[in-house]
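Residue-level listing of the chains:
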Amino acid sequence: MAKTVAILSQKGGVGKTTTAVNLIAALGAHGQRVLLCDVDAQGNSTSGFGIEKRSLRYSTYDIIINNVPAKDVIISTKFEGVDVIPSNMNVAGAELELVDMKKREGKLKNALLPLYNNYDYIFIDCPPSLGLITLNALCAADTIIIPIQCEYYALEGLSQLMSTVRQVKRLYNPLLDLEGVVLTMYDGRLNLTQQVVAEVKKFFPKKVFASVIPRNVRLSEAPSYGLPIMYFDRNSKGSLAYEALAVEFLKQNKKR
């Protein structure tokens, strides 16, 4: 039975999609069967696995709005253990179409249910907003991972994000839990970084992953080649960091 993890942030540019793509690739390389469900209309995690968004027959829009079976939308990738339900700009329209639907918050969960026995983990890459698509992701998820960049505005908006999570937990998904917080764009030489880390640990006691993701040029370059970092430059700092995060994640889930 798959564990479903939503990767969530209230704003863009914090390493959310980078974390989705590279953590999933590392888990697949560790022998896990992993499905990425991309519900961000930008489709960056879809293209991060080398999938051409413009030539898609179906996307997550179709499983949420048109009731196309999720198994018909899955794309098997060339990366070990990784399948993808892709996204494209059509998903932006789903936000509006969900407004008038009954039981709208459960559309994604119901679409994914038939796949639960096929995977160890299902990861949902959420849009950087707190609308109906993100609500669907939170209703489908067992846990959430929050990437936070080690920069001045790191904690801005987090109170609103966690308020939304608590509301979803109270109204729709009482078992929803925080898997952990991933610190990204980490530079241990900077005082600001240390201050942000201290603040984040105060905000999320015992929920911050020990593995941190450094600023790394190779990590920035990999998506333009449609490759996760471990397939682009296995020995780069970014690759080693996501490998460490995958090992920590598996230990936390008692798979190591």
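Remember, predicted model here, so these are calculated numbers, not experimental data.

(A) Geometry of the packing of helix H1 (residues 16-29) against helix H11 (residues 237-252). Where H1 meets H11, the closest approach of the two axes is 9 Å, and the angle between their N-to-C directions is 70°. For the element pair H1 / H11, the angle class is roughly perpendicular. Along this stretch, H1 crosses H11, giving a crossing that reads as right-handed. Packed against H1, whose contacting residues are Thr18, Thr19, Asn22, Leu23, Ala26 and Leu27, the element H11 presents Tyr242, Glu243, Leu245, Ala246, Phe249 and Leu250 at the interface. For the contact of H1 with H11, a count of residues per class yields 8 nonpolar, 3 polar and 1 charged.

(B) Highlighting the packing of helix H6 (residues 132-140) against helix H7 (residues 158-171). Across the interface, H6 lies against H7 with an axial gap of 10 Å and an inter-helix angle of 55°. In terms of their interaxial angle, H6 and H7 are classed as oblique. When the axes of H6 and H7 are compared, the crossing they make is right-handed. Residue-level contacts link Leu135, Leu138 and Cys139 of H6 to Thr164, Val165 and Val168 of H7. For the contact of H6 with H7, the residue count by class is 5 nonpolar, 1 polar and no charged.

(C) Looking closely at a nonpolar patch on the surface. A cluster of nonpolar side chains, namely Tyr152, Tyr153, Leu190 and Leu192, defines an oily patch on the protein surface of about 460 Å² accessible area. Relative to the assigned elements, Tyr152 resides in the loop between strand S6 (143-149) and H7.

(D) Up close: the pairing of S6. Burial within S6 is extensive, with 7 of its 7 residues counted as buried. Neither face of S6 is exposed, since Thr143, Ile145, Pro147 and Gln149 on one face and Ile144, Ile146 and Ile148 on the opposite face are all buried. Pairing of strand S1 (residues 3-7) with S6 involves 3 bridges; the strand directions are parallel. If you follow Ala6 over to S6, its bridge partner there is Ile144. The sheet contact formed by S6 and strand S7 (residues 177-184) spans 7 bridges and is parallel. From the neighbouring strand, Pro147 faces S7, where its bridge partner is Val182. Handedness of the β-α-β unit built from S6, H7 and S7 comes out right-handed.

(E) Structural detail: the sheet that holds strand S3 (residues 75-76). Strand order in the open sheet formed by 7 strands is S3-S4-S2-S5-S1-S6-S7, with mixed pairing between adjacent strands. The open sheet has two edge strands, S3 and S7, and neither has a second partner. Along the sheet, H1 makes contact with S1, strand S2 (34-38), strand S4 (82-85), strand S5 (121-125), S6 and S7, crossing S5 at roughly 165°.

(F) Geometry of the nonpolar core. Core analysis: the largest hydrophobic core is formed by 54 residues, its most contacted members being Ile85, Leu108, Leu112, Ile124, Ile144, Ile146 and Phe204. With 7 residues, H6 is the largest single contributor of residues to this core. If we skip the residues at most four places from it in the chain, Ile124 touches Thr4, Val5, Ala6, Ile7, Cys37, Val39, Leu108, Leu112, Ala137 and Ala140. If you look at the next biggest cluster of nonpolar residues, it comprises 35 residues, including Val21, Val82, Phe232 and Tyr242.

The rules behind the values
- Residues numbered from 1 in each chain as written.
- Predicted model: local features only at pLDDT ≥ 70, side-chain atom pairs only at ≥ 80, totals over all residues.
- Heavy atoms only, no water.
- Axes fitted to C-alpha atoms, helices over the stretch in contact; angles between N-to-C directions.
- Helix = DSSP H or I, 4+ residues; strand = E, 2+ residues; numbered from the N terminus.
- Parallel < 35°, antiparallel > 145°, perpendicular 65-115°, else oblique.
- Left-handed = near helix turned anticlockwise from the far one by under 90°.
- Contact = heavy atoms within 4.5 Å.
- Nonpolar A, V, L, I, M, F, W, Y, C, P; charged D, E, K, R; others polar.
- Patch = residues over 30% accessible without salt bridge, like charges linked within 9 Å, V, L, I, M, F, W, Y side chains within 5 Å.
- Areas by Shrake-Rupley, 256 points an atom, 1.4 Å probe, with all protein chains shown as cover.
- Salt bridge = Lys/Arg side-chain N within 4 Å of Asp/Glu carboxyl O.
- Buried < 20%, exposed > 50% of the residue type's maximum accessible area, 1.4 Å probe, protein only.
- Pairing = 2+ DSSP bridges.
- Right-handed = clockwise from strand over helix to strand, strands pointing away.
- Core = buried A, V, L, I, M, F, W, Y, C linked by side-chain atoms within 4.5 Å.

So yeah, pure geometry; function would need other evidence.
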